[in-house]
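Next come the chains, spelled out residue by residue.
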Amino acid sequence: RSGCLSCKMGADKPAVWKLTFDVQGYKWVRWRLWLCRLAAVLSLGVLLIVFHWRPRLAVLARCCSCPLALADILLIRPLPTCFVPFSLEMVVELEENEWRDTIQLHKEEKTLLRYYLFKGLRYIWLGRKGAFCLIHDVNSFRRCMYGPNLIDVQVKSYVKLLFEEVLNPFYVFQVFSITLWIVDNYYYYAICIFIISILSIGISLYEIRKQSVTLRNMARLVTNVTIRRNSGVEELVSSEELAPGDCLIIPQEGLLLPCDAALLAGECLVNESMLTGESVPVLKTPLLAGEGRYSSETEHRHTLFCGTQLIQAKGGGPGGSGAVAVVTSTGFFTAKGNLVSSILYPHPTDFRFYQDSAKFLLILAFVGTIYKSDITDLFWVCVQVTWLELVVMSLDVVTIAVPPALSAAITTGTIYAQHRLKSQGVFCISPPRINICGKVSLFCFDKTGTLTEDGMDVWGVMEGGPAGFSELVPDPRLLSPGPMLSGLACCHTVTLLQGEPLGDPLELKMVESTGWTLHEPEGDGNVLDAEFGGHRVLAVLRPPKQQPQAQEAVSVPTITLILRFPFSSALQRMSVVTVARGGCSALAFMKGSPEMVASLCRAETVPGQFSSKLHSFSSEGLRVLALAYKPVDGNADLRTIERGEVEKDMQFLGLMIMKNLVKPESAQVINMLRLAHLRTVMVTGDNILTAVNVAKSCGMVGFDDKVIFVNATPHTAQSIPTLRFSLEDRGEVITQGLYQSGFDYHLAINGKSFAALCDHFPEYLPKVLLRATVFARMAPDQKTQLVKELQKLNYKVGMCGDGANDCGALRAADVGVSLSEAEASVASPFTSKTENISCVPLLIREGRCSLVTSFSLFRYMASYSLIQLCAVLTLYSVRTRLSDKQFLLCDFFLVTTLAIVMGRGGPSDKLDPSRPSASLMSLPVLGSLFIHTSVIVLGQLAALFITTSQDWYVPINSTRIGADNLPNMEDTSVFALSGFQYIIMAVVVTKGYPHKKPLYYNSLLFLPRRLYFRVFLSAGLWKNLVEEPIAFWCRHCKIEHSLGRGPSS
């Protein structure tokens, strides 16, 4: 057994989630193979169908277990997702002889590569390790090991799709039923079912193939790229030939990237909206020199991902154009390949409604089987029938008990809901998730861009030093020339695209507030580089021509940017290096979270009031950033200097305060969710005090509610792990009554404490999660971990974010909603074009409506099946049955029409505190179905007994059975009443309040109901007022008549 997925992570990196597999080896057994072939022939192929449905049984029947090294067949079973840290030792590094199997055939040595493909990934056999493993090394055989650089989505032929579709259990049952109906002389009904099945299969095949072609066109990317060989020669090759380790040359105009690559030289402006849903292009910078192992998870700001559009590349090639990157992943190993794999092989939806549906069908089949045995006994004892007639009648009961259109009917509500969501700007790529929306009990929200506005306004700047903070300067233009003003102007990743600044909205506002202008080198750039000591110039920042200072004008030098360390969510900071003309006077500037920046500054430069000022601003809901700088050692080589060397022993400069307003819709939506008893949680990367303030502003936390901060510290060489709970205002430590129900409060925790809590205090984690409302300074992988931990507590978790740093959490949540301009994003099941969270209650209301509708349709289809079963059994007991045309009228024109229009009802206008049930196997559902069935049976028996007690009743011919007795009075009375029962049950099981609009809003439901009421009423009146009195008069006068009786004739 082996399950091997490998990557790297340093000791200080956060853990990540991974999926492990149980792999078992089997080898063919010859006598078992021949025995299975014989059994398949004797069973007329039934055994092969069973093996198609249950491949595991096929392997166990034909093979025997063996070690993996001798296996012909591998049985792979995904194990439950577990949370484990990646370690350096798990990365597979091999010598060539570890994966080569050398064998001798006719005195000729052959080198074999043993591997298997699973979800597009290639697992290679390693003899020394005794396992199949993912390989992450680079050697001369890498193309052979990794295969072609293709995300190849198989598009099956129509013949193969038809074969697989026909072998679906539903269609196998349909073929069995059609054959049975033809034998039982139900020709019209069988032909109609056959035609509809053919149409259904045709539409299904067309849709499946269309989706496969669409996915293949989206996934498949073949283009010509330029790579640089070890000899230095550049060669134009097909992207299919790329393998990890190839040196990729990126042209200045960019390209659609066919692989994952680490950027080595130059900068690239990348549009990653296909992967993240984030429409703002991202600036990628070169990978820094270091001894640690590369990981795309931690180095995503230096990684170019497959499928993303490189808008422009600069600074890496000759003449300052283009960029250079090294291929790190190809095919399904890429980020795009991982997303395509998740679409091709989605995780099974663990939703009780879908699980109970299958169980309920088995119950109906079991009921039909029981009644089949009763019918067999009845006709065998009372009526002389042939064995064939007896078997056909018995099996016919089973086909009636299991409604063939049930699976299609319960999706009607989902289809209507999806259409309504699309009309309101919410797009769904996973329709089954709509029903899950109805059971959401907790919703997580990102802060910036989700609860608050995307853009920020600079509220003021406050310089700081050993003597303390200066007065707040509302406009950065009023700052005196110096390091603070220079840091605001240059410490960012804003770039130019066709002369227009492009970048993070916060940084755009910061640069705009200084009045400085950004210029980037054009053309060769060597002249400009030479002017600044030969350093490669990334950008030049020039001050405004006129300074607004009141004092005498001071000459402000331009700032030349030569090195950039981009912002990292994990590091919570970014930094740049600038030089003056001639390459001298190098300065390093840093910007980031105040706590992180202060920790990297010399203690004597940080003002004593730092904590109080930060607390004051953050408590008011202001976004606070800190800046620092230092002169760089003149002896340092700026081309190879490491980030850690730049970002240490800094000198604190001050704070920049920005105002981030809460969106007006946020408070309304949060209040709506609160009234509906839906728990709301904020998950953000911002400061914890700012997050608490925003939580109060939008109503997640009441202004009078107590907020308790959870502070957990990890184990260090000097201290043991600690866990403390302190009040927001007084800092008082809470030790008692924390978990008592009468103690009303909200918990708030930051990312560091959350990590320490998971590692050192796992027993307290569930208790904290049950009461925590604010999660601050959370890294992207921590957001994903939080969602999974909440799901372990039996929450149905929703997540709403802007798609940038929330992709993992959006995909992990039961319901992920991305606020994006794109119509659909693979980042989450739902994408909303609305730029606020008003889509969340809409989604929940539609989910509840769809779930209630699915419930109603399931109960109706089950009731319809039971009504028809009772009618057939009742008529079988008097030696007759329903006619072919009667089945046709009920199944196609009555039940199908009612089922379609029943799903049209829209959602209620407001959220109710109660959530709809998702269990079909509950006592209320089964109890109501039992009561309805009892009433149905009593009603049909009453109709039969009343008919037989009339003076004009003509007894049935006791020497005949089944269709030979049609038409007759028993059939007409039971059929007419069952028609009314179909119509009445459609109204009885259709639920409205509180999750759907009242029944009278669904006007289309009343049209077929009135029509069929008149049809069955007319049939009954004709029988009672015309045919039966005539029959009575004729019989009384002893005149034999042959008038056809009832609508069944």
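None of these values were measured; they are calculated from a predicted model. (Residues numbered from 1 in each chain as written. Predicted model: local features only at pLDDT ≥ 70, side-chain atom pairs only at ≥ 80, totals over all residues. Heavy atoms only, no water.)

Novice: Help me understand empty space enclosed by the protein in this model?
Specialist: Gaps between atoms show up when a probe of the same size as a water molecule is rolled over them. Applying the stated criterion across every chain, the model contains 4 cavities of 30 Å³ or more. Roughly 50 Å³ of volume is contained in the second largest cavity. Residue lining of the second largest cavity: M902, G905, T990, K991, G992, K996, K997, P998, L999 and N1002, and that is the complete set. Split by residue class, the lining of the second largest cavity holds 3 nonpolar, 4 polar and 3 charged. (1 Å grid on protein atoms, 1.4 Å probe; cavity = no way out; pocket = protein on both sides within 12 Å on 5 of 7 lines; lining within 4 Å. Points joined across faces, edges and corners; volume = space filled by probe spheres on them. Nonpolar A, V, L, I, M, F, W, Y, C, P; charged D, E, K, R; others polar.)

Novice: Whenever I open this one, the sheet that holds strand β15 (residues 267–271) confuses me. Can you help?
Specialist: In a beta sheet, neighbouring strands are held together by backbone hydrogen bonds and run either parallel or antiparallel to one another. Read across the sheet, 3 strands follow the order β16-β15-β18 without closing on themselves; strand pairing throughout is antiparallel. Strands with a single pairing partner mark the edges of an open sheet, and in this sheet they are β16 (282–284) and β18 (309–314). Recorded for the sheet is a direction-independent mean angle of 25 degrees between the axes of neighbouring strands. Both β15 and β16 contribute to a ladder of 3 bridges, which runs antiparallel. In the sheet register, V270 faces β16, and the bridge partner there is V282. (Pairing = 2+ DSSP bridges. Helix = DSSP H or I, 4+ residues; strand = E, 2+ residues; numbered from the N terminus. Axes fitted to C-alpha atoms, helices over the stretch in contact; angles between N-to-C directions.)

Novice: Which parts of the structure should I look at to understand the pattern of salt bridges?
Specialist: Pairing of side chains with opposite charge becomes possible as their charged atoms draw close. On inspection of all chains with the given rule, the structure shows 15 salt bridges. A salt bridge links E267 to R564; the nearest nitrogen and oxygen atoms lie 2.8 Å apart. Placement of E267 in strand β15 and of R564 in strand β28 (residues 559–568) is noted, with a sequence separation of 297 residues between them. Since its relative accessible area comes to 3%, E267 is described here as buried. (Salt bridge = Lys/Arg side-chain N within 4 Å of Asp/Glu carboxyl O. Buried < 20%, exposed > 50% of the residue type's maximum accessible area, 1.4 Å probe, protein only.)

Novice: Would you explain the state of the cysteines in this entry?
Specialist: What we call a disulfide is simply a covalent bond connecting the sulfur atoms of a pair of cysteines. With the rule as written, the count across this model stands at 0 disulfides. For C491, which is in no disulfide, the shortest distance to another cysteine sulfur is to C490 and amounts to 6.0 Å. (Disulfide = S-S within 2.5 Å.)

Novice: Sorry, what's going on with unusual backbone geometry here?
Specialist: It is generally the case that most residues other than glycine have a negative phi and that most peptide bonds are trans. A positive phi angle is found at D649, which is not glycine, with a value near 55 degrees. Within the secondary structure, D649 is located in the loop between α22 (643–646) and β32 (651–659). According to the relative accessible area criterion, D649 is partly exposed, its value standing at 46%.

Novice: Help me understand the environment of H760 in this model?
Specialist: Tracing the backbone through its elements, the reader meets H760 in helix α25 (residues 751–760). Relative accessible area serves as the criterion here: at 31%, H760 is assigned to the partly exposed category. Each C-alpha atom of the pair H760 and T722 lies 8.6 Å from the other, and the pair is 38 residues apart in sequence. The residues contacting H760, other than those within four sequence positions of it, are P714, H715 and P721. (Contact = heavy atoms within 4.5 Å.)

Novice: What should I look at first to understand a nonpolar patch on the surface in this one?
Specialist: Taken together, I182, Y187, I191, F194, I195, I198 and L199 make up a surface patch of nonpolar side chains, about 690 Å² in accessible area. A total of 6 residues in the nonpolar patch trace back to one element, the largest contributor, which is helix α8 (residues 187–219). Relative to the helices and strands, F194 is located in helix α8. (Patch = residues over 30% accessible without salt bridge, like charges linked within 9 Å, V, L, I, M, F, W, Y side chains within 5 Å. Areas by Shrake-Rupley, 256 points an atom, 1.4 Å probe, with all protein chains shown as cover.)

Novice: I tried to follow the packing of helix α29 (residues 839–877) against helix α31 (residues 923–948) on my own but got confused; where do I start?
Specialist: Working note: a packed helix pair is described by the angle between its axes plus the distance between those axes. At their nearest, the axes of α29 and α31 sit 10 Å apart, and the two run at 35 degrees to each other. Judged by the sense of rotation from one axis to the other, the crossing of α29 with α31 is right-handed. Facing F855, R859, A862, S863, L866, I867, C870, A871 and T874 of α29, the residues of α31 in contact are V925, S928, L929, H932, T933, I936, V937, Q940, L941 and L944. In terms of residue class, the contact of α29 with α31 is built from 12 nonpolar, 6 polar and 1 charged. (Left-handed = near helix turned anticlockwise from the far one by under 90°.)

Novice: In this structure, what is going on with helix α14 (residues 412–423)? I would like to understand it.
Specialist: Along an α-helix, residues three or four apart share an orientation, since each turn contains 3.6 residues. In a regular helix each residue adds 1.5 Å, so 12 residues correspond to 16 Å; α14 covers 17 Å between its end C-alpha atoms and thus fits that length. Residues of α14 that are buried include every one of T412, G413, T414, A417, R420 and L421, and no others. Positive backbone phi, at 85 degrees, marks G425, one or two positions downstream of α14. (Expected span 1.5 Å × (residues − 1).)

Novice: Honestly, the sheet that holds strand β17 (residues 303–304) in this entry has me stumped. Any pointers?
Specialist: Taken together, the 6 strands give an open sheet; going across it, the order is β12-β11-β13-β19-β14-β17, and neighbouring strands pair in antiparallel fashion. Of all the strands in the sheet, just β12 (234–238) and β17 have a single pairing partner and so form its edges. Pairing of strand β11 (residues 224–228) with β12 involves 5 bridges; the strand directions are antiparallel. In the sheet register, R228 faces β12, and the bridge partner there is E234.

Novice: Explanation requested: the packing of aromatic side chains in the structure shown.
Specialist: The way to describe two aromatic rings as a pair is by their centre distance and the angle between their planes. For the structure on display, the rule yields 8 aromatic pairs. Arranged with centres 6.2 Å apart and planes meeting at 80 degrees, the rings of F469 and F652 form a pair that is edge-to-face. You can see F469 sitting in strand β23 (residues 468–469) and its partner F652 sitting in strand β32, a full 183 residues away along the chain. Here the aromatic rings of F589 and Y629 are separated by 5.9 Å at their centres, their planes lie at 25 degrees, and the arrangement is stacked. Of this pair, F589 sits in strand β30 (residues 587–592) while Y629 sits in strand β31 (residues 622–631), and the two are 40 residues apart along the sequence. In this pair, the class of F589 matches that of Y629, namely buried. An aromatic cluster is present here, built from F469, F610 and F652 joined pairwise through their rings. One residue, R37, lies across the ring of W34, its end atom 4.8 Å from the ring centre. Between the NZ or CZ atom of R771 and the centre of the ring of Y745, over which it lies, the distance is 4.2 Å. (Phe/Tyr/Trp six-rings, centres within 6.5 Å; stacked < 30°, edge-to-face > 60°. Lys NZ or Arg CZ within 6 Å of the ring centre and 35° of its normal.)

Note that all results are geometric; they support no functional claim without further evidence.
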